[in-house]
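Okay, here's what each chain looks like letter by letter:
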Amino acid sequence: MNREHYFDWAATALPDEDILREALEESLKYGANPSSVHGAGTEARTAFENARKRCAAVLCVKPEQVYFTGGGTEGDQIPLLSLLQRPNHNGTIIISAIEHPAVREQALALKNCGYKIIQVRPDKNGIITAEAVTAALTDDTLLVSVMAVNNETGAIQPIYAIADAITAATKGKRRPKFHVDAVQAFGKTAVNLSHPGIDSAALSTHKICGPRGCGLLYVRDRIEPFLKGGGQEKGLRSGTENLFGALATAACLERYAIRENAPEGSPAHPAAVSALTENTARFIESLAALPYVQILPSTREARDDRFSYAVVQASFKNIPGQVMVRALSEKGFYISTGSACSASKNSRPVLEAMGISSEVGQNAVRFSFSSHTTETATSELLAAVTEVAELFNR
């Protein structure tokens, strides 16, 4: 595979081989179980806790608020499943209608346990407004979940405004927990987990050039987990600790988490992000100029700070999305129709929630970019897309 022609970074970011090698070499020095009380176990525990401190430093949170997990899905589901520890399985859970299946499907499973699920629809831009969330609040709302960046459209959700609005709307009452699926946000936009009102947030390491099967969960104040075991991670996430995954997660955050104090010249520095944003903007301008293409949402402009530079959704006239994916794959370019977790399904719930017609939705594909995407590769992608589109629209 030509890494230059990979445009499916939202599904998984190609691994940073240097980070993986360094993390593996470091973890091989500490082969004992980090929970063992002997000397070798203590050394492994020290390395593990140092990785936690490194993650916390990048996230600007306390180390005791960082829990290592098996990935984004688990990180999203721990706060949801904690509701099952309540003696009575009733109350309301509010999620956005554009959530990843990790949240949406788990919430629907909790509905079978007695909880009421309210889905808040986005506006025409694919954005969940704070007003829409507060309008859905009920006296028995226990948890609200809204993702930070949508994995299909790249729409940046106003999570800070939502957090503030929930706090204001429930003043003097019991405030529901606010969870943020931040899986698609890290490496694509700056994220401030220390903002008041954000109670938990999930991250997946393979979305920021790390290994699959690891991630972390930020929890402001301890929650009671539903799943029990050996008590690792202070009981929140039992299971033998993954030292390699923790080290890789720390290194990936340090290199790829966008922040003002990122080292100059690094892919996480604002200047680098600005250049990447301009590259995507030129791609959108050229794509939108084609007569048989519709950018989704149609209101998105080439330079639009409501959207992440890393994700662009477009629908092509007369070309089903999966056909476009296969046609570009044959030319050596790799894109997707949307979430890899839903690739085998024909439905497009995110686009449907935005009011986009079934025909347009079925013809939609996702182009996703990263700090490794070059201007040359993007130009070559545009040429290949144009050639395929013209072939089906003669």
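Here the structure is a predicted model, which is why all the values come from computation and not from measurement. (Residues numbered from 1 in each chain as written. Predicted model: local features only at pLDDT ≥ 70, side-chain atom pairs only at ≥ 80, totals over all residues. Heavy atoms only, no water.)

## Concerning the overall build of the protein
Moving on, step 1. Helices and strands together make up the secondary structure of the protein, namely 12 helices and 10 strands.
Moving on, step 2. Since a compact globule built from 394 residues should have a radius of gyration of about 21 Å, the 21 Å found for the protein is in line with a globular shape.
Moving on, step 3. With respect to the principal axes defined by its C-alpha atoms, the protein has extents near 70 × 50 × 35 Å.
Moving on, step 4. Taken across its 394 residues, the protein has 57% of its residues classed as buried.
Moving on, step 5. Long-range contacts, defined as pairs at least 24 residues apart, comprise 70% of the intrachain contacts of the protein with a sequence gap of at least 6.
Moving on, step 6. Of the charged side chains in the protein, 40 are positive and 42 negative; the average position of the first set lies 5 Å away from that of the second. (Helix = DSSP H or I, 4+ residues; strand = E, 2+ residues; numbered from the N terminus. Rg over C-alpha atoms; globule rule 2.2 N^0.38 Å. Buried < 20%, exposed > 50% of the residue type's maximum accessible area, 1.4 Å probe, protein only. Contact = heavy atoms within 4.5 Å. Lys, Arg positive; Asp, Glu negative; His and termini not counted. Charge placed at Lys NZ, Arg CZ, Asp CG, Glu CD.)

## As for the environment of Gly31
Moving on, step 1. With respect to the helices and strands, Gly31 occurs in the loop between α1 (17-28) and α2 (39-59).
Moving on, step 2. Residue Gly31 is classed as exposed on the basis of its relative accessible area, which comes to 77%.
Moving on, step 3. On a C-alpha basis, the gap between Gly31 and Leu243 in space is 9.1 Å, while along the polypeptide they are 212 residues apart.

## Points about the environment of Asp8
Moving on, step 1. Position of Asp8 relative to the elements: it lies in the segment before α1.
Moving on, step 2. Assessed through its relative accessible area of 13%, Asp8 is described here as buried.
Moving on, step 3. Each C-alpha atom, one on Asp8 and one on Arg366, is 7.7 Å from the other, the two residues being 358 residues apart in sequence.
Moving on, step 4. With residues near it in sequence (within four places) discarded, Asp8 still touches Tyr334, Ile335, Ser336, Arg366 and Ser368.

## A few points about the sheet that holds strand β9 (residues 311-316)
Moving on, step 1. Pairing is antiparallel in the open sheet, where 3 strands are placed in the order β8-β9-β10. Each edge of the open sheet carries a strand with a single partner, namely β8 (293-296) and β10 (364-368). Each strand axis lies, on average, 30° off the axis of its neighbour in the sheet, ignoring direction.
Moving on, step 2. Looking at chain direction, β9 and β10 are connected through 5 bridges and run antiparallel. Counterpart to Val312 in the pairing with β10 is Phe367. (Pairing = 2+ DSSP bridges. Axes fitted to C-alpha atoms, helices over the stretch in contact; angles between N-to-C directions.)

## Points about unusual backbone geometry
Moving on, step 1. For the bond from Leu296 to Pro297, the omega torsion is -5°, close enough to zero to count as cis.
Moving on, step 2. Positive phi is not limited to glycine here, since Cys209 has a value of about 70°.
Moving on, step 3. Here Cys209 shows up in the loop between β6 (200-204) and β7 (215-219).
Moving on, step 4. Residue classification places Cys209 among the buried residues on the basis of a relative accessible area of 5%.
Moving on, step 5. Non-glycine residue Lys234 carries a positive phi angle of around 55°.
Moving on, step 6. With respect to the secondary-structure elements, Lys234 resides in the loop between β7 and α7 (243-256).
Moving on, step 7. Lys234 gets classed as partly exposed once you look at its relative accessible area, which sits at 44%.

## What about the pattern of salt bridges?
Moving on, step 1. One pass over the structure, following the stated rule, counts 23 salt bridges.
Moving on, step 2. Across the pair Glu224 and Arg222 runs a salt bridge whose closest N-O atoms are separated by 4.0 Å.
Moving on, step 3. Given the relative accessible area of 39%, Glu224 is considered partly exposed.
Moving on, step 4. Across the salt bridge formed by Glu375 and Arg282, the nearest N and O atoms sit 3.4 Å from each other. (Salt bridge = Lys/Arg side-chain N within 4 Å of Asp/Glu carboxyl O.)

## Things to note about the sheet that holds strand β4 (residues 141-145)
Moving on, step 1. Spatially, β1-β7-β6-β5-β4-β2-β3 is the arrangement adopted by the 7 strands of the open sheet, whose pairing is mixed. Lying at the two open borders of the sheet, with one neighbouring strand each, are β1 (66-69) and β3 (116-120). Taken pair by pair, the neighbouring strands of this sheet meet at an average axis angle of 20°, ignoring direction.
Moving on, step 2. Here strand β2 (residues 92-96) runs beside β3; their pairing, made up of 5 bridges, is parallel. Looking at β3, one finds that Ser96 is bridged to Val120.
Moving on, step 3. Across the face of the sheet, helix α4 (residues 101-111) comes into contact with β2, β3 and β4 while running at roughly 160° to β2.

## Here's the deal with the packing of aromatic side chains
Moving on, step 1. Under the definition given, this model contains 6 aromatic pairs.
Moving on, step 2. Between Phe316 and Phe367 the ring centres are 6.4 Å apart and the planes differ by 75°, which places this aromatic pair in the edge-to-face class. Here the residue Phe316 occupies a position in strand β9, and Phe367 occupies one in strand β10, the gap between them amounting to 51 residues. The residues Phe316 and Phe367 share a single accessibility class, namely buried.
Moving on, step 3. Ring pairing ties together the aromatic residues Phe7, Phe283, Phe316, Phe367 and Phe369, which thus form one cluster. (Phe/Tyr/Trp six-rings, centres within 6.5 Å; stacked < 30°, edge-to-face > 60°.)

Such coordinate-based values are descriptive only and should not be taken to indicate function.
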